[in-house]
Amino acid sequence: MKLVIGIVRPDMANDVLEALYRAEVRGISMSRVQGHGGELERVETYRGTRVQMGLSEKVRFEIAVSDEFVQTTIDALCEGAQTGEVGDGKIFVMPLERAIRIRTGERDHGAVTPVGK
Amino acid sequence: MSLPLAAAPAAIDTGDTAWMLIATALVLVMTIGLGLFYAGLVRAKNTLNTFMMCVAALAVATITWALVGYSLAFDGDGKILGGLGHAFMSDVGFAPRDGTTIPQLVFFAFQGTFCIITTALVSGAVVERMRFGPFLIFSALWSVLVYAVLAHWAFGGGWLAQQGTLDFAGGVPVEMGSGFSALAAALVVGARKDYGRQALLPHNAIYVLLGAGLLWFGWFGFNGGSGFNTGQNSVLAFANTLLTPACTLLTWFILDFLRNRQITAIGAATAIIVGCVGITPAGGFVSPIWAMVLGVLVTFPCYAVVALRPRTRVDETLDVLAAHGVAGLFGIVFIGLFAQKDWNGIADGLFYGDGGQFWSQVVAAAAAPVYAFGMTYALLRGLGALMPLRGSDRDEAVGMDIVHHGEEAYVTGEGAILITAEAGDVEDLPVAQPV
C-alpha cells in the first residue's frame, strides 16, 4: 500500500479528477493549499503597494492505493496536471502502514479497494 | 433645438427636479449592483475582472455620452440619428429640456446613467475570457453606435417614437439593445475553453442576491424617473416596479419547484432581474393588476431560455439574452396588448380597442433586436480583425484577475513580500506575469 500525494495547479484539478476517474482510481481526498515550487515570482499591486507573491494556490490530492495501482495513479496525475510550464506541481509516493475502512472495519488492501470491486 | 443657457428656467418644477436628481443617483448604483451580481456568478479567479467590466462602463460610457452619445440620441428628431447640436455638451444647461420640467443637465445625467448600465450589461456575455483592453474599446464604440442610436429611435424622437412605439424606460435601447448585442458578442468572442466540458459554477450566491437586490432598489429610479416628473405615469411605473418582480419571483419559485423539487437562490435573483426588465418598457402604461400579470407571464419565456441556452454551444455566459433581451421584448409587446388609457392617459392596447398600438410595438420588437445584433456583430468582427479579443488558454486557466489586473479578489497575503523602492530590484521583476 502506498499513499500518493499529488500537488497540482487548481485550474488543472478537474482534468486530474477526470484522468483518475478514467483510470478507475476512486478513493481520493482533495484540499486547497498554498505552495511554492520554484515558479517565477508573480508581482501584484494593491493600491500602490507592490508585493511579490511567494505562494501560489495549489490543489493537493491524497490517494491511498494498493501497490498494483500506484503506477496507474501516478500516470493519471501526470496526464491530468501537465501543462509543460514551471508550476505544474509534484507527486510524492510514500509507504502506508495501515488503512482501515471505518464503516466496515476492513483493513489494509480491502480498505483501499473501492467498494464493489 | 438649442436652448439658451441664460434663459430664466421658468418652466422648471422643483419637485420634479428633486426627484430626478435622486433617480439619477439610484440608476447609477445599479451599475455597481450589476457588478456584484455578475461577480458572484463567475468563478473566483475572475471576480475582479467581471466587476471591473461594469466599472469600466462607468468611465467609458459616461465620457462617450458627454462627447457625442447624448447629442446623437437627443438632439433633434431625425429618423435614424440625432444631430450634433449637443456634442461636447454644448447647450446642455439649466434651461428645461423640451417636454420636461427639469434642467437639461439633469436630463443629460439621468439618461447618461442608462447608457452606462446598458454598456455594462453587455459584458455579461463575454466575461471570463475577453481581454480588458479590447473590452474598453468595444464599450466606447458600443455606447455610441448601438446604445445612442437605439435611444434616439425610442426616446429621442427617432422613427420608432414617430410611428408610435411606447417604451417607458428602455425596453428598446436598454433591454433588447443589451440582450441581443450580448448574443452577438458571445458568438463573435466564442465560448470559454472549458464551456460544455466542465461545470462552471457561480462562486458566491450571496453576491448574486445582494447585487439583484441593489438592482431592484435602483430600478425604482430607473422606471420611476423615466417620466421625468412626479406625475401619474411616474407614480404608476414606481408602484409597478414593486409589483411585477414580486410576481415573477413567485412564478419562478413554482417553476423551479416543478422542475427540481427545490427553489433556488440564484434562480430567485434571476427572477428579480427578469421582473424588473419586464416592467421597464411597460411601467407607466399598464395598470397595477396587468403589471402583476406581466410579472407572471414574462417568467415563462425567460425561464425557458435560461434552461435551454446552456444546452447549446453558445456561451452567452450570464444569460443577458434571457434576462434582458427576451424579457424586454415581452414587455414591449405586452404594452401593445394591455396598455390602458384610463391609467396612462396616452394610448390603449389591443385588448382595450387599439390594434394599431399593438402593431407599433411589434415593429419595435422586431427592429431593435435586428439592429443591436447586427451592429454589435459587425463591431466586434471589425475590432477582432485589429486585435485579439481574448487571451491564451493558459491566461484563461490562470484567471482574468491575475492576468489583466495583477490583483486577486480573495488574496491571503501569506508569503507575500513587500517590494520597497530601496530594494533596487523592482524594475527587474515581471509585473503580474502568471507562471
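Just so we're clear, the structure is a prediction, and the values are computed from it rather than from any experiment.

### Quick word on the packing of helix α1 (residues 14-41) of chain B against helix α3 (residues 104-122) of chain B
Residues and elements named next belong to chain B.
Then, number 1: Contact geometry of α1 with α3 gives a least axis separation of 9 Å together with a crossing angle of 10 degrees. Viewed along their axes, α1 and α3 adopt a mutual orientation that is roughly parallel. Of the two possible hands of crossing, α1 and α3 adopt the one that is left-handed. Across the interface between the two elements, Thr-17, Met-20, Leu-21, Ala-23, Thr-24, Val-27, Leu-28, Met-30, Thr-31, Leu-34 and Tyr-38 of α1 pack against Val-106, Ala-109, Phe-110, Thr-113, Phe-114, Ile-116, Ile-117, Ala-120 and Leu-121 of α3.
Then, number 2: Looking at the contact of α1 with α3 residue by residue, the classes come out as 16 nonpolar, four polar and no charged.

### Description of helix α9 (residues 265-282) of chain B
Residue and element names in this part refer to chain B.
Then, number 1: With 18 residues, α9 extends 27 Å from end C-alpha to end C-alpha; this agrees with the ideal 26 Å at 1.5 Å per step.
Then, number 2: Counting buried positions over the 18 residues of α9 gives 16, a clear majority of the element.
Then, number 3: Of the residues flanking the start of α9, the one acting as N-cap is Thr-264, its side-chain oxygen 3.2 Å from the backbone nitrogen of Gly-267.

### Side note on the interface of chain A and chain B
Then, number 1: Taken together, the contact between chain A and chain B spans 25 residues of the former and 24 residues of the latter.
Then, number 2: Of the roughly 2300 Å² buried between chain A and chain B, counting both surfaces, carbon and sulfur atoms make up 51%.
Then, number 3: With its nearest N and O atoms 2.6 Å apart, the salt bridge here joins Asp-11 of chain A to Arg-394 of chain B.
Then, number 4: Where chain A packs against chain B, one counts nine residue pairs in polar contact (both at pLDDT 80 or more).
Then, number 5: Among the elements of the structure, α1 (13-22), β3 (42-46) and β4 (49-53) of chain A are those that each provide at least two residues to the side of chain A that touches chain B.
Then, number 6: Broken down by class, the residue content of the side of chain A that touches chain B amounts to eight nonpolar, seven polar and ten charged.
Then, number 7: Relative to strand β1 (residues 416-418) of chain B, β4 of chain A runs antiparallel, the two sharing three bridges. Paired with Met-53 of chain A across the bridge in β1 of chain B is Ala-416 of chain B.

### Concerning the pattern of salt bridges
All names here are of chain B.
Then, number 1: Scanning the model with the defined rule gives 18 salt bridges over all chains in all.
Then, number 2: Between Asp-319 and Arg-309 there is a salt bridge, and its shortest N-O distance comes to 3.0 Å. On the criterion of sequence distance, the pair formed by Asp-319 in the loop between α10 (288-308) and α11 (320-338) and Arg-309 in the loop between α10 and α11 is long-range, its members being ten residues apart.
Then, number 3: For Asp-319, a relative accessible area of 15% translates into the label buried.
Then, number 4: For Arg-309, a relative accessible area of 11% translates into the label buried.

### Concerning the packing of α9 of chain B against α10 of chain B
All names here are of chain B.
Then, number 1: Viewed as axis vectors pointing N to C, α9 and α10 meet at an angle of 125 degrees, and their least axial separation amounts to 9 Å. Judged on the interaxial angle alone, α10 and α9 are oblique. For α9 against α10, the interelement crossing comes out right-handed. Between α9 and α10, the residues in contact are Val-274, Gly-278, Ile-279 and Ala-282 and Ala-291, Leu-294, Val-298 and Cys-302, respectively.

### Observations concerning a nonpolar patch on the surface
Then, number 1: Taken together, the side chains of Leu-250, Ile-254, Phe-257, Leu-258 and Ile-263 of chain B present a nonpolar region at the surface, about 490 Å² in accessible area.
Then, number 2: Relative accessible area serves as the criterion here: at 48%, Ile-263 of chain B is assigned to the partly exposed category.

### Quick word on α1 of chain A
Residue and element names in this part refer to chain A.
Then, number 1: Looking only at α1, the buried set comprises Ala-13, Asp-15, Val-16, Ala-19 and Leu-20. Taken end-on, α1 shows its buried residues confined to a sector of 160 degrees, consistent with a single buried face. Projecting away from the buried face of α1 at angles above 90 degrees are the exposed residues Tyr-21 and Arg-22.
Then, number 2: Structurally, α1 contributes buried residues whose contacts are with β1 (2-8), β2 (29-35), β5 (56-65) and α2 (70-81).
Then, number 3: Downstream of α1 by one or two residues, Glu-24 has phi in the positive range, about 65 degrees.

Quick notes on the rules
- Residues numbered from 1 in each chain as written.
- Chains lettered and ligands numbered in written order.
- Predicted model: local features only at pLDDT ≥ 70, side-chain atom pairs only at ≥ 80, totals over all residues.
- Heavy atoms only, no water.
- Axes fitted to C-alpha atoms, helices over the stretch in contact; angles between N-to-C directions.
- Helix = DSSP H or I, 4+ residues; strand = E, 2+ residues; numbered from the N terminus.
- Parallel < 35°, antiparallel > 145°, perpendicular 65-115°, else oblique.
- Left-handed = near helix turned anticlockwise from the far one by under 90°.
- Contact = heavy atoms within 4.5 Å.
- Nonpolar A, V, L, I, M, F, W, Y, C, P; charged D, E, K, R; others polar.
- Expected span 1.5 Å × (residues − 1).
- Buried < 20%, exposed > 50% of the residue type's maximum accessible area, 1.4 Å probe, protein only.
- Polar contact = N/O pair within 3.5 Å; in protein donor to acceptor, adjacent residues only side chain to side chain.
- Buried area = accessible area lost by both parts, 1.4 Å probe.
- Salt bridge = Lys/Arg side-chain N within 4 Å of Asp/Glu carboxyl O.
- Pairing = 2+ DSSP bridges.
- Patch = residues over 30% accessible without salt bridge, like charges linked within 9 Å, V, L, I, M, F, W, Y side chains within 5 Å.
- Areas by Shrake-Rupley, 256 points an atom, 1.4 Å probe, with all protein chains shown as cover.
- Arc of directions from axis to C-beta.

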